[in-house]
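Observations on chain architecture
Take a look at the letters that make up each chain.
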Amino acid sequence: MSNIYDTLNPMQQEAVFTTEGPVLVLAGAGSGKTRALTHRIAYLIEEKGVAPWNILAITFTNKAAGEMRERVDRLVEFGADAIWVSTFHSMCVRILRRDAEYLGYDRNFTIYDADDQKVLMRQVMKKLDLDPKMYKEKTLLGVISTQKNELVTPEEFYTMASGDYRRMRMADAYQEYQAQLRKNNAFDFDDLIMKTVELLQHNAEVRGRYQDRFQYIMVDEYQDTNTAQFRLVSLLAGRYKNLCVVGDDDQSIYKFRGANIGNILNFEQIYPEAKVIKLEQNYRSTQNILDVANAVIANNEGRKDKKLWTANEKGEAVRYAQYDTAYDEAGAIVRAIRKANEDGLALKDCAVLYRTNAQSRLLEEKCIQYNIPYRLVGGVNFYQRKEIKDMLAYLKTIYSGQDDLAVQRIINIPKRGIGATSISKVAGYAADYDMSFFEALDCAGDVPGLGKASQKINSFVRLIHMYRSKLEFKCTVSELIRDVLETSGYEQELLKEDELEAQSRRENLEELINKAVHYENTAEESTLGGFLEEVALVADIDSMDDSEDRLTLMTLHGAKGLEFAKVYLAGLEDGLFPGSAAVNSEDPDEMEEERRLFYVGVTRAKKELTLTCARLRMVNGENRYSRRSRFLDEIPPQMVEDGKKRSGDGAGYGRSGYEGGSSYGGGYSGGYHSGYSSGGYGGGTHGRDRYQADIFELESRHDRGQVSPGYKAPQYGGFGKLPDSGVKLGKDFSVTKESQLDYQVGDRVRHMKFGLGTVTEIKEQKRDFEVAVEFDNYGLKRMYASFAKLKKV
DNA sequence: GGGCCTCAAGTTTTT
DNA sequence: CTTGAGGCCC
C-alpha cells in the first residue's frame, strides 16, 4: 500500500520531510507548493506525532487560508481543526483579542478599514490645522502605513524627521492619528501586525506562551511579507526555530504596499543553518509557455537562480498580435474567446489579464456586444459599499457603541434631523467629559445648546437600546439585520432613491444577510461580535464565485495564484506595461517588479497564451501612441508566432469584416465611439446589445465587480430615459421663506455657531433673504435667513 | 440640509 | 474620458 507522499516529486518530498530547523522552499509558479505545504502538515501530525495545535500555517488571504484548511482536512485523519491555518491579520486579531490588555487596549477593540481611516485622518487634519492642499489624507495615510510596515513608531518617526518641517508635520499627524485610534479603542490593519509585534517584544510571558504553542510554523507567499510580518514570524519562531517559508522571489509584485523582497532573498543570511529547497518542476503549463516566462524573467538581476521546466508537451505556440487600436484589440480578443467557446472550451477556463483596471472597460463593452458572460474581478469591494458600511455601522453601534466613527456614521441615517452642528456639540461634550460619543448621546439632555435635537437624539439612543435588548432575547444576527432594515427607517429611505440604485442596494443587503446566515450555520458559537470580526477581515475576492461559466477579466495582480487554460495578456505597451512610472524611474527595481508581474501573467496560462498590444489607445481622455512593450522584445522571436501573419486566429478576425466598419475602415479618430453609439455594426442584434450596454452603464456605478450581463435582465421600463420631473417620491424640500424678518440692518443678532454679530445687509431674493452679518469673533458672513436661524438680541 | 456643478486627478491591493 | 470631492446655491 503506497502512502500519500509517493505522489510527490523528490524535491517536494524533501520539503515535506525536512521538518526541523529553518527551511526555505523556493517554489516556482505552478510547482505544487500548496500541495507540498499541506502534505508537510499531514506528515508532521501523522508521522512525526506533532500535536495539531502546535502547528501554525500563515497565508495572506482568507481564500488561501480556506483552501489550505480544506486540503489539510482531507489529508489528516483527525484533529485538523486544531491547526491554526490563518491569515497574518486574523492570527493577530486572535492574539490581540486575548492579550490586548497588556498594550492598554480593551479586548473588544474594533478594526478600522480604509474608509474609517480616511474619516479619522480628516478629523486629525482638522485638529492639527493641516492644510489639505499641502497634505493630502491619502498621502498621510500612505506615509503612516509605510512606517507601520517598517515598525517605526511616531516617536521614532519624529527623530528621523528631525529638521524637515514637512516630515515633522507628518509625524504630528501620525502621532495624533494613533492617539485617536487609541481613544476609539481601534486598530487599523497595519496596527494589527505592528501592535502584535510590540506585544510579543515587550512581554516575555506572552511571547513565551505563543512560542511554545507554535512549534512548527509555515508561511506561504513569503515573498510578499513586509518587515513587520517578518519580525512577527521571527518572534514566534524564536524558540523552536522550526520555520518553513515558501515563496517565489520571481513573483514578488507587492513592493508598493510594503512587501520586502529582501525577506526571501536574505533568508539564508538570517538563518545560516537554513535548508534551501527549490521546486522547479512545473505541472501547470506547456513548455512553450515556460520558455517565454524563463526568457523574460532571466533579465532580472536581483533573483535566486532557478529555471522552470516541465514534463508537459510543447503545446501550442505562444501568439502575439499588435492591433491598430485598443478597441480592435479588445474586439479581437473577445471574438477569439467566443470562437474557442464555440469549439468547446469553457469560458471559465479563459482569462484576459491587464495592467490597470481602466483597461477593463473596453473588454466589458466587447463582451456585452458579443454576448459573452464575464466576471470582472476588482473594482469596488462589497464591504466598501455605502449600504453595507451603513448596516455594519448599525451592528457595531448595537454591539458596543465604543466606535465613535460607526455611531456618527448612522446617527443621521436615515435622516433624523440630527445635523453636523448637533453632532459636533455632542462630540465636544464627549471630549470634555472623557466619554465615548455614544455615552454622550445617552445623556444628551446634559449637553448644552442642543435644544430640540436632544429629543431626536434620545429616540435614536432608545432605538439602539431596543435592538440590544432584542439581541439578548436570542435574536440571530441575520434577524437583527432584517429588523434594523425594517424598523430603523433605512429601507424606507432606500425606496426614495433612484429605482435601480435602490434595487442594487437592496440586493447587496440581502447578500449581507446571506453571509450572516452562512456565518450562523458555520460558526461554533454565533455572536454579533464574532460576525463583525469575520466581516472586518474578509475581502471581496474571497467570495469570488467560480461556479458560473464566465470569462474572467482582471488585473495581473489579481491573477496571482490562479490558472486558466487560455490566457490573454492585453495592453502590452511601453508606458502601460511596464507602466510609465517604471519606465521613467531612476530605480531599476521598479522595472524588475514590472517584469515579475509579466512573469506572473505568463505563468497563469496552462495551454494557450496570447500576447497583445495596440498602437493607439485612449488614456486619460487623450489618444496615445505607444510602441510595444520592451518585455516582448526580451522574448526570442522564434518563441512566438505573430498572429497577424495568420488568418483564422485572433488577429485575423479584425480584417475579415467582423468589426462592421467602424474600426478598420474608418480610421480611428473618434470613429469607434460614434460607431458604438450609433449601433453601426450590422446584424440584427444590435438593438439588444445597446439595451444591455445601457443597463451596464447604469448598473456599473454601484455594481462594479458583480456585473452580470445577459444573466439577469431587470424589467426595463424605460427608466434611465425618463426626464427627471423633479418629483422625488415623498420628498418635499422647499425653502420656507419667511414673509418678514424680525430683525433689520443694524440689529444685533445671535447665531448658533458664530455667536453675536451685527446685521450689515439684507437682500431679498426669489425664495429667501440673504443676510450679511459682521460677527464679533468670526468676521463677515453671508447666509440665508431660513437656515441661519438668527435671533434678534 | 442637500442638489448640482465645476474642477482636479488619474498603477497595481490585501486585510 | 471618467470619478470623486469641494464649493455654491436655493
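Okay, so let's go over this structure.

Here is what the cut-offs are and how they apply
Residues numbered from 1 in each chain as written. Chains lettered and ligands numbered in written order. Predicted model: local features only at pLDDT ≥ 70, side-chain atom pairs only at ≥ 80, totals over all residues. Heavy atoms only, no water. Helix = DSSP H or I, 4+ residues; strand = E, 2+ residues; numbered from the N terminus. Contact = heavy atoms within 4.5 Å. Areas by Shrake-Rupley, 256 points an atom, 1.4 Å probe, with all protein chains shown as cover. Phe/Tyr/Trp six-rings, centres within 6.5 Å; stacked < 30°, edge-to-face > 60°. Buried < 20%, exposed > 50% of the residue type's maximum accessible area, 1.4 Å probe, protein only. Core = buried A, V, L, I, M, F, W, Y, C linked by side-chain atoms within 4.5 Å. Pairing = 2+ DSSP bridges. Axes fitted to C-alpha atoms, helices over the stretch in contact; angles between N-to-C directions. Expected span 1.5 Å × (residues − 1). Polar contact = N/O pair within 3.5 Å; in protein donor to acceptor, adjacent residues only side chain to side chain. Parallel < 35°, antiparallel > 145°, perpendicular 65-115°, else oblique. Left-handed = near helix turned anticlockwise from the far one by under 90°. Nonpolar A, V, L, I, M, F, W, Y, C, P; charged D, E, K, R; others polar. Salt bridge = Lys/Arg side-chain N within 4 Å of Asp/Glu carboxyl O. Patch = residues over 30% accessible without salt bridge, like charges linked within 9 Å, V, L, I, M, F, W, Y side chains within 5 Å. Lys, Arg positive; Asp, Glu negative; His and termini not counted. Charge placed at Lys NZ, Arg CZ, Asp CG, Glu CD. Disulfide = S-S within 2.5 Å.

**Some details on the overall build of chain A**
Along the backbone of chain A there are 33 helices and 23 strands. Sequence separation of 24 or more characterises 73% of the internal contacts of chain A that already satisfy a separation of 6 or more. For chain A, the exposed surface amounts to about 36,700 Å²; the carbon and sulfur share of it is 49%.

**With respect to the packing of aromatic side chains**
According to the stated counting rule, one finds 17 aromatic pairs in the structure shown. With centroids separated by 4.8 Å and ring planes inclined at 80°, the aromatic side chains of F109 and F187 adopt a geometry described as edge-to-face. Highlighted residues: F109 in the loop between α4 (88–99) and β4 (110–112) and F187 in strand β5 (residues 186–188), separated in sequence by 78 residues. Taken individually, F109 and F187 each receive the classification buried, so the pair is uniform in this respect. Their ring planes at 50° and their centres at 5.8 Å tell us that Y254 and F256 sit as a pair that is tilted.

**Some points on the nonpolar core**
Ranked by internal contacts, the top residues of the largest apolar core, which has 64 residues, are M91, L192, V219, L232, L236 and L243. When neighbours within four sequence positions are excluded, L232 is seen to be in contact with F88, M91, C92, I193, T196, V197 and L200. Core analysis: the second largest hydrophobic core is formed by 49 residues, Y383, L450, V477 and Y490 among them.

**Observations concerning the sheet that holds strand β2 (residues 55–59)**
The sheet built from six strands is open, its strands ordered β3-β2-β6-β7-β1-β8 with parallel pairing. The sheet is open, and its two borders are formed by β3 (84–87) and β8 (275–279), each paired with just one other strand. Averaged over all pairs of adjacent strands, the angle between strand axes in this sheet comes to 15°, irrespective of strand direction. As paired elements, β2 and strand β6 (residues 216–219) share four bridges and run parallel to each other. Across the sheet, residue A57 finds its bridge partner in β6, namely M218.

**With respect to the environment of L347**
In this fold, L347 is placed in the loop between α15 (326–342) and β12 (350–354). Along the chain, L347 and E520 lie 173 residues apart, while their C-alpha atoms are 34 Å from each other.

**Section: helix α5 (residues 114–128)**
Helix length check: α5 (15 residues) gives 21 Å between terminal C-alpha atoms against 21 Å at 1.5 Å per residue, within 8%. Along α5, the residues that are buried comprise D116, Q117, L120, M121, V124 and M125. Turning to α5, the residues buried within the fold contact β4, α6 (137–149), α8 (165–183), β5, α17 (386–399) and α18 (404–410). The N-terminus of α5 is capped by D113, whose side-chain oxygen sits 3.0 Å from the backbone nitrogen of D115.

**Some words on the environment of V771**
Mapping V771 onto the fold places it in strand β21 (residues 769–775). On the accessibility criterion, V771 (0% relative accessible area) is buried. With 595 residues separating them along the chain, V771 and E176 place their C-alpha atoms 38 Å apart.

**Considering the packing of α6 against helix α9 (residues 189–202)**
The contact between α6 and α9 brings their axes to 9 Å, and the two run at 25°. In terms of axis orientation, α6 runs roughly parallel to α9. Crossing geometry of α6 relative to α9 is assigned as left-handed. Together, S145, K148 and N149 of α6 and D190, D191 and M194 of α9 make up the contact between the two elements. For the contact of α6 with α9, a count of residues per class yields one nonpolar, two polar and three charged.

**What about the pairing of strand β14 (residues 551–555)?**
Taken across its five residues, β14 has five buried, putting it largely inside the fold. Burial along β14 is two-sided: L551, L553 and T555 and T552 and M554, pointing in opposite directions, are all buried. Bridge count between β12 and β14: four bridges; the pairing is parallel. Bridged to V352 within β14 is L553. Note that strand β13 (residues 374–376) and β14 share three bridges and pair parallel. By the bridge assignment, Y374 is partnered in β14 with L551.

**Description of the side chain of T225**
Tracing the backbone shows T225 in the loop between β6 and α11 (227–236). Among the polar contacts listed, one links the side chain of T225 to the backbone oxygen of Y222, at a separation of 2.8 Å. Once residues lying within four places of it in the same chain are set aside, the contact partners of T225 are F60, F88, V219, A259, N260 and N263.

**Looking at the pattern of salt bridges**
Pairing between side chains becomes possible if they bear opposite charge and their charged atoms approach one another. Under the criterion given, the structure shown has 49 salt bridges. Residue K255 pairs with D587 through a salt bridge whose shortest N-O separation is 3.6 Å. Placement of K255 in the loop between β7 (243–247) and α12 (262–265) and of D587 in the loop between α27 (580–584) and α28 (588–602) is noted, with a sequence separation of 332 residues between them. Since its relative accessible area comes to 38%, K255 is described here as partly exposed. Between D390 and R409 there is a salt bridge whose closest N-O contact spans 2.8 Å. Separated by 19 residues along the polypeptide, D390 in helix α17 and R409 in helix α18 bring together distant segments of the chain. We classify R409 as partly exposed; its relative accessible area is 28%. Among the ionic contacts, a cluster of salt bridges with common partners joins D113, D115, D116, K389, K396 and D403.

**Observations regarding the environment of R750**
One can find R750 in strand β19 (residues 748–751). With a relative accessible area of 45%, R750 lands in the partly exposed category. Each C-alpha atom of the pair R750 and K792 lies 6.4 Å from the other, and the pair is 42 residues apart in sequence.

**Some words on unusual backbone geometry**
Cis geometry is found at the peptide bond from F577 to P578, where omega equals 5°. Mapped onto the elements of the fold, P578 is located in the loop between β15 (564–569) and α27. The phi dihedral of L151 falls on the positive side, at around 60°, and the residue is not glycine. For L151, the position within the fold is in the loop between α6 and α7 (154–161). The buried category is assigned to L151, whose relative accessible area is 14%. Its identity as a non-glycine residue notwithstanding, D434 has a phi of 55°, on the positive side. Within the fold, D434 resides in the loop between α19 (420–432) and α20 (437–442).

**Considerations on a negative patch on the surface**
A contiguous patch of negative charge, built from D73, D81, E524 and E525, is present on the exposed surface. By secondary structure assignment, the location of D73 is in helix α3 (residues 62–75). The partly exposed category is assigned to D73, whose relative accessible area is 40%.

**Concerning the state of the cysteines**
All told, the structure shown has zero disulfides when counted by the stated rule. This cysteine, C92, is not joined by any disulfide, and C244 carries the nearest cysteine sulfur, 20 Å off. Residue C350 stays outside any disulfide, its sulfur separated by 11 Å from that of C367, the closest cysteine.

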